[in-house]
Amino acid sequence: MDQDVSRFKRLERVNEVIQELGLAKCQHDVIGDPGRLRGISGGEMRRLSFASEVLFEESNSNAEQHIKVKSQLYYNDEKWV
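None of these values were measured; they are calculated from a predicted model. (Residues numbered from 1 in each chain as written. Predicted model: local features only at pLDDT ≥ 70, side-chain atom pairs only at ≥ 80, totals over all residues. Heavy atoms only, no water.)

(A) Representation of the packing of helix α1 (residues 7-20) against helix α2 (residues 42-56) in the model. α2 packs onto α1 with a crossing angle of 145° between their chain directions and a minimal axis gap of 10 Å. For the crossing formed where α1 meets α2, the hand is right-handed. Contacts from R13, V14 and V17 in α1 reach A51, V54 and L55 in α2. Broken down by class, the residue content of the contact of α1 with α2 amounts to five nonpolar, no polar and one charged. (Axes fitted to C-alpha atoms, helices over the stretch in contact; angles between N-to-C directions. Helix = DSSP H or I, 4+ residues; strand = E, 2+ residues; numbered from the N terminus. Left-handed = near helix turned anticlockwise from the far one by under 90°. Contact = heavy atoms within 4.5 Å. Nonpolar A, V, L, I, M, F, W, Y, C, P; charged D, E, K, R; others polar.)

(B) Broad picture of the nonpolar core. Within the largest apolar cluster, 10 residues are counted, these being V17, I18, L21, L23, C26, I40, F50, A51, V54 and L55. For this core, the elements supplying multiple residues, two or more each, are α1 and α2. The element best represented in this core is α2, accounting for four residues. (Core = buried A, V, L, I, M, F, W, Y, C linked by side-chain atoms within 4.5 Å. Buried < 20%, exposed > 50% of the residue type's maximum accessible area, 1.4 Å probe, protein only.)

(C) Focus on the pattern of salt bridges. All chains considered together, the criterion is met by four salt bridges. The shortest N-O distance in the salt bridge between R13 and E16 comes to 2.9 Å. With R13 and E16 both in helix α1 and three residues apart, the pair spans about one turn of that helix. The exposure class of E16 is partly exposed, given its relative accessible area of 36%. Between E20 and R13 there is a salt bridge, and its shortest N-O distance comes to 3.7 Å. Judged by relative accessible area, R13 falls into the buried class, the value being 9%. Residues joined in a network through salt bridges with shared partners are R13, E16 and E20. (Salt bridge = Lys/Arg side-chain N within 4 Å of Asp/Glu carboxyl O.)

(D) Quick peek at the environment of V17. Along the chain, V17 falls in helix α1. By relative accessible area, V17 is classed as buried at 3%. Sequence-wise, V17 and V54 are 37 residues apart; in three dimensions their C-alpha atoms are separated by 8.4 Å.

(E) Spatial organisation of α1. When the terminal C-alpha atoms of α1 are compared, their 20 Å separation across 14 residues agrees well with the 20 Å that a helix rising 1.5 Å per residue should span. All of the buried residues in α1 are R13, V17 and I18. Along the axis of α1, the buried positions cluster into a sector of 140°, meaning they face one direction only. Exposed residues lying more than 90 degrees from the buried face of α1 are F8 and Q19. (Expected span 1.5 Å × (residues − 1). Arc of directions from axis to C-beta.)

Pasting the structure below:
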């Protein structure tokens, strides 16, 4: 996300992505360390990875369309709500 976007707007966008990708129930959970510490599930890990990618590339003009297409693919693949 661009540095010129205010902190409030960034947090607002982060919360929107959390809701869109069904990560609200695990937003305060530990991510985990395979073999050492149990954390979020594999599906949640994939959605978190995607959310990070989306927020990082937010300045891209195609970001909104990219989000819709990829989130639909994740929804169809994992049946998350």
